[in-house]
Amino acid sequence: MLENRGEVEMFKKVTLYTDKLHEMKGFYEYQLGFRIIEEDETSFMLAVGDSQLVFKQAAQPALYHFAFNIPGNQFSLAKGWASSRVELNRQEGMDEIYYANFDADAFYFLDPAGNVVEFLGRRAVDRMGNFTVDSLLSISEVSITTPFVEEVGRQIEEMDIPVRGNKGIDPDSLNFLGGGDAFIILVAPKRTWYFSKQRSEVHPLSIELLDGRQIDIDEEGKLGKAKPENPISDGMEEIGFSGVALRKTEEVWSAAKDFADRANKRLNSMDTRFGIASGSKIFTAVVVLQLVEEGKLQLENRLSQLLPEVFPAFDVTIHQLLTHTSGIPDYFDEEVMDDFEELWMEHPMYRMQTGRDFVPLFAEQPMMFEPGARFHYNNAGFIALGLVVEKLTGRPVTDMIEERVFALAGMERSGYFRLDQLPAETANGYIQEETGWRTNQYALPIKGGADGGAFVTAADMTLFWEKLMAYELLGEKMTRALLTPYAEGEDGKYGYGVWIEEQGDAVVKYHVMGYDPGVSFHSGFYPASGTVLTVASNESAGASDVTELIEKTNALIE
């Protein structure tokens, strides 16, 4: 039984239908600024505080009433925010109303489908700051219009969702079923909604409750059987995934889960930037190969000759550095070390701002093996490549990647950002401990470089793969060189900054991955279908499991 007290929530996800899907998406995402947390060609999902609102494509028009809870002390701010974006509904000259029975103020407006949207300011709930879409608390009310009010009402009551008041279900009135700040409004057809001329209509909808139970209303207004859910989205929630996933073939599917900022309850969205750790080594490789194409560098050039003042003893080639076969010592050897944070006990992370800051950690160490003898994943090798780029161009390697890769590919939201100066819409990385979580601000170098640490969006990574495969970042010859396997390790074959997965003689996936404290990342191109898949998480694990889930569900790899 739902408790009858403030801020009781009931709705996890509400699914409605519309024949104006693209107009609705534009209205909610761009006009109102809601966060899209999952979308494909036939639907999109909005974050509404702790709830989710889904609109699905339908052949016929559909009209609903629904309401969102907002903090009561922000009601006037919310009203001003809304009125600057959409015309508010009026009734008898007023554009707001106080409902004493619910201790809440309300205002209304219509969306492009004609839905009656209500904002309910709960006077018992206060929040600090200005009103934004992040101030939304949850879905407050959802209407079910049905000619079978008594039958559907009885079925919902049997789910331990009580009707408000003592009169029971009344087919001629509005019936509120629920408690606290969350209600299903059960109503017969052709009733005029408050603050509008819209009349209630029978249309299908689906309500997923917080406890996992489902209420599905069919086209006739009857409570039907639960429809099958999205196995990928459900699997992501079972994993406890925090981050985003985007798959693009001919159509685009995407999903965002959990929080980008846990303290302030800012949700991850498809516009959120994520750190990608070593997933950005491929960007360094592209810039190096661009310099080869321009004749400023050769793959056979030796590090000891290019940078004799820094690495006089490292007689290894650019090719060997790109393929992790150089044998030079590493500042963090992932085969024998497992705690990245140990590095910063002697070398504070806030001092690690450029590639040269890492040189003392490995330049005087002995070689690990003869150059070219075998594959050994090596972060220092890409630090050295970054220094080569800087010597040849006279510019920081991160600037060169932003100019030669991000700008060229149209990756407008990607960049190398200091952890203490992260831009808006960037996810904090989180490290789980026995006592709770903490951010990764003191667990990583203050700014990324040639070996990793870029921030990207999933959409930007899609652009990267598309431009790379279209020979727009490198010519065809050099692109094929980048994608050729030269070495093999425990995680598969490796080209220039990219992993290559084969089945028989066929390549089934080119991919990159990155793991740091508070970061896990996978992104790949599947040549058989032309699919691009990116999974980015702001936790130390999760991206691999979600990638495997999507690959299996969509048969990307046999």
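Residues numbered from 1 in each chain as written. Predicted model: local features only at pLDDT ≥ 70, side-chain atom pairs only at ≥ 80, totals over all residues. Heavy atoms only, no water.

S.K.: Kindly report on unusual backbone geometry, identifying the contributing residues and their values.
M.R.: Apart from glycine, the bulk of residues carry a negative phi angle, and the bulk of peptide bonds sit in the trans form. One non-glycine residue, Lys190, lies in positive phi territory at about 70°. Despite not being glycine, Ala277 has its phi angle at roughly 50°, a positive value. Mapped onto the secondary structure, Ala277 falls in the loop between β19 (274–275) and α5 (281–293). By relative accessible area, Ala277 is classed as buried at 4%. (Helix = DSSP H or I, 4+ residues; strand = E, 2+ residues; numbered from the N terminus. Buried < 20%, exposed > 50% of the residue type's maximum accessible area, 1.4 Å probe, protein only.)

S.K.: Before we move on, can you summarise helix α3 (residues 149–157) with the specific residues and values?
M.R.: For α3, the full list of buried residues reads Val149, Val152, Gly153 and Ile156. Within α3, the buried residues cover an arc of 100° as seen down the axis, which keeps them to one side. Buried residues in α3 make contact with β9 (138–145), β10 (175–179), β11 (182–187), β13 (214–217) and β14 (223–224). (Arc of directions from axis to C-beta. Contact = heavy atoms within 4.5 Å.)

S.K.: Describe in detail the environment of Leu289, supporting the description with residues and values.
M.R.: In this structure, Leu289 sits in helix α5. For the pair Leu289 and Gly80, spaced 209 residues apart in sequence, the C-alpha to C-alpha distance is 53 Å. Once residues lying within four places of it in the same chain are set aside, the contact partners of Leu289 are Leu299, Leu322, Leu474, Met478, Leu482 and Tyr496.

S.K.: Can you explain the pairing of strand β12 (residues 205–209)? Please cite residues and give values.
M.R.: The element β12 is extensively covered by neighbouring structure, given that five of its five residues are classed as buried. In β12, alternate side chains face the same way, and those of Leu205, Ile207 and Leu209 on one face and Ser206 and Glu208 on the other are all buried. Pairing of strand β1 (residues 11–18) with β12 involves four bridges; the strand directions are antiparallel. Across the sheet, residue Lys13 finds its bridge partner in β12, namely Glu208. In the sheet, β12 pairs with β13 via four bridges, with the strands oriented antiparallel. (Pairing = 2+ DSSP bridges.)

S.K.: Just give me the short version of the packing of α5 against helix α8 (residues 379–393), but keep the residues and values in it.
M.R.: Two elements in contact, α5 and α8, have axes separated by 10 Å at closest approach and are oriented at 40°. With respect to their mutual orientation, α5 and α8 come out oblique. In this structure, α5 crosses over α8, and the sense of that crossing is left-handed. In contact with Lys281, Thr284, Ala285, Val287, Val288 and Leu291 of α5, α8 contributes Asn379, Phe382, Leu385, Val389, Leu392 and Thr393. Residues of the contact of α5 with α8, tallied by class, amount to eight nonpolar, three polar and one charged. (Axes fitted to C-alpha atoms, helices over the stretch in contact; angles between N-to-C directions. Parallel < 35°, antiparallel > 145°, perpendicular 65-115°, else oblique. Left-handed = near helix turned anticlockwise from the far one by under 90°. Nonpolar A, V, L, I, M, F, W, Y, C, P; charged D, E, K, R; others polar.)

S.K.: So what about the nonpolar core? Which residues, and what values?
M.R.: By size, the foremost hydrophobic cluster in this structure holds 90 residues, and its most contacted members are Phe283, Phe311, Ile318, Leu322, Phe464, Trp465 and Leu482. It is α5 that contributes the most residues to this core, nine residues altogether. Beyond its immediate chain neighbours, meaning those up to four positions away, Leu322 contacts Ala285, Val288, Leu289, Leu299, Phe382, Leu385, Tyr494, Gly495, Tyr496 and Gly497. With 56 residues, the next largest nonpolar core counts Leu16, Ala78, Val149 and Ile161 among its residues. (Core = buried A, V, L, I, M, F, W, Y, C linked by side-chain atoms within 4.5 Å.)

S.K.: Could you give an account of the environment of Leu186, naming the residues involved and the relevant values?
M.R.: Tracing the sequence through the fold places Leu186 in strand β11. Between the alpha carbons of Leu186 and Phe176 there is a distance of 6.5 Å; along the sequence they are ten residues apart. Other than its neighbours up to four places away in sequence, Leu186 contacts Ile144, Thr146, Val149, Val152, Gly153, Ser173, Leu174, Asn175 and Leu177.

S.K.: If you had to explain the packing of aromatic side chains to someone new, which residues and values would you point to?
M.R.: For the coordinates displayed, the defined rule picks out 34 aromatic pairs. With centroids separated by 6.3 Å and ring planes inclined at 55°, the aromatic side chains of Phe119 and Phe131 adopt a geometry described as tilted. Taken together, the positions of Phe119 in strand β8 (residues 116–122) and Phe131 in the loop between β8 and β9 put the pair twelve residues apart, joining distant regions of the chain. Across the pair, exposure class does not vary: Phe119 and Phe131 are buried alike. Pairing Phe464 with Trp465 gives two aromatic rings, centres 5.7 Å apart and planes at 70°, and the pair type is edge-to-face. As far as the burial class goes, Phe464 and Trp465 line up, both buried. Here the guanidinium or amino end of Lys222 rests over the ring plane of Phe148, the centre of that ring lying 5.2 Å away. Above the face of the Phe382 ring, Lys281 is positioned so that its terminal group lies 5.8 Å from the ring centre. (Phe/Tyr/Trp six-rings, centres within 6.5 Å; stacked < 30°, edge-to-face > 60°. Lys NZ or Arg CZ within 6 Å of the ring centre and 35° of its normal.)

S.K.: I'd love a proper account of the pairing of β13, names of residues and values included.
M.R.: Because side chains alternate across β13, one face comprises the buried residues Gln214 and Asp216, and the other comprises Ile215 and Ile217, equally buried. The hairpin formed by β12 and β13 contains four residues between the paired strands, and Gly212 there has a positive phi angle of roughly 95°. Linking β13 to β14, which pair antiparallel, is a turn of five residues; within it Gly221 sits at a positive phi near 90°.

S.K.: Residues and numbers for the sheet that holds β11, please.
M.R.: Taken in spatial order, the seven strands of this open sheet run β6-β7-β8-β5-β9-β11-β10, and their pairing is mixed. Looking at the sheet topology across the chains shown, the edges are occupied by β6 (97–99) and β10. Along the sheet, successive strands turn relative to each other by an average axial angle of 25°, direction set aside. Relative to β9, strand β5 (residues 65–71) runs antiparallel, the two sharing four bridges.

S.K.: Run through the side chain of Glu29, naming residues and quoting values.
M.R.: Structurally, Glu29 can be placed in helix α1 (residues 21–31). According to the relative accessible area criterion, Glu29 is buried, its value standing at 15%. Side chain to side chain, Glu29 and Lys25 meet in a polar contact 2.6 Å long. Setting aside chain neighbours within four positions, we find Glu29 in contact with Phe34, Ile36 and Asp271. (Polar contact = N/O pair within 3.5 Å; in protein donor to acceptor, adjacent residues only side chain to side chain.)

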